[in-house]
Amino acid sequence: MTKRNFDISVQQRADLLEAYRKVAPICLTQKQAWEHTVKSPAPRYYVSRKQAFQKVVKMIKGDFSEVNAMKPLRQSMYYSLYQKTLQMIDKREFAGKSLHYIMQFVVCQPAPSFFIQPYALMKIFPIAKKEDKERMMKNRKE
């Protein structure tokens, strides 16, 4: 895992915890809270610009085979990225810019969901809580 991907993972865990805290009070069970959390809008796409570029450039060229072979959630994430990329290409401020350049802005756009399964959140949750606690302790010392 590269440093950049590690940073994305840390940010994803923090964002998941924040989303969980928003939906948990209205849920009856923790399982229900996890399900609502992963379906919540995410502040960004949790994929590197390089990974997104490699998949989306093929889709723009008409080759959807690699994405169509993916699991449904990952597949829907790349289709969503593809749609956002097409929208951004049409914007005046990106006229004449390379797809590689545009992709750095696309992955930072809000995503319709976190594109993970509730059971994955169940495994991520303790790590996210620990990191949040460490962040709070660090901020208190400063």
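Structure's up top.
Read on for an overview of the structure. This structure is a prediction, so every number in the text was calculated from the model and none was measured.

Right, let's talk about the overall build of the protein chain for a bit. For the protein chain, the count of helices and strands is 7 helices and 0 strands. Its helices and strands taken in sequence order, the protein chain reads α-α-α-α-α-α-α from the N to the C terminus. Each principal axis of the C-alpha atoms in the protein chain carries an extent, and together these give about 45 × 35 × 30 Å. Expressed as a percentage of the 142 residues in the protein chain, the buried residues total 37%. Here the analysis covers contacts within the protein chain between residues at least 6 apart in sequence; of these, 70% occur between residues at least 24 apart.

Following the criterion strictly, the structure yields 6 salt bridges and no others. As a salt-bridge pair, Arg-13 and Glu-131 come within 2.6 Å of each other at their nearest N and O atoms. With Arg-13 in helix H1 (residues 3-23) and Glu-131 in helix H7 (residues 118-141), this pair connects stretches of sequence that are 118 residues apart. Judged by its relative accessible area of 15%, Glu-131 is buried. Among the ionic pairs, Arg-21 bridges to Asp-132, the shortest N-O distance being 2.8 Å. Placement of the pair is Arg-21 in helix H1 and Asp-132 in helix H7, with a sequence separation of 111 residues. Where salt bridges share partners, they join Arg-21, Asp-132 and Arg-135 into one cluster.

Counted at 1.5 Å a residue, the expected span for H7 with its 24 residues is 34 Å, and the 34 Å between its end C-alpha atoms agrees. Remark: the principal bend of H7, roughly 40°, maps to Ile-124, with a proline, Pro-126, within the next four residues. Those residues of H7 not exposed but buried are Leu-121, Ile-124, Phe-125, Ala-128, Glu-131 and Asp-132.

Attention now moves to the nonpolar core. Core analysis: the biggest nonpolar cluster contains 37 residues, and Val-47, Tyr-78 and Leu-81 have the highest contact counts within it. Residues within four places of Val-47 in sequence aside, it is in contact with Ile-8, Ala-52, Met-77, Tyr-78, Leu-81 and Val-107.

Here is what the cut-offs are and how they apply
Residues numbered from 1 in each chain as written. Predicted model: local features only at pLDDT ≥ 70, side-chain atom pairs only at ≥ 80, totals over all residues. Heavy atoms only, no water. Helix = DSSP H or I, 4+ residues; strand = E, 2+ residues; numbered from the N terminus. Buried < 20%, exposed > 50% of the residue type's maximum accessible area, 1.4 Å probe, protein only. Contact = heavy atoms within 4.5 Å. Salt bridge = Lys/Arg side-chain N within 4 Å of Asp/Glu carboxyl O. Expected span 1.5 Å × (residues − 1). Bend = angle between axes of the 7 residues up to and from the residue. Core = buried A, V, L, I, M, F, W, Y, C linked by side-chain atoms within 4.5 Å.

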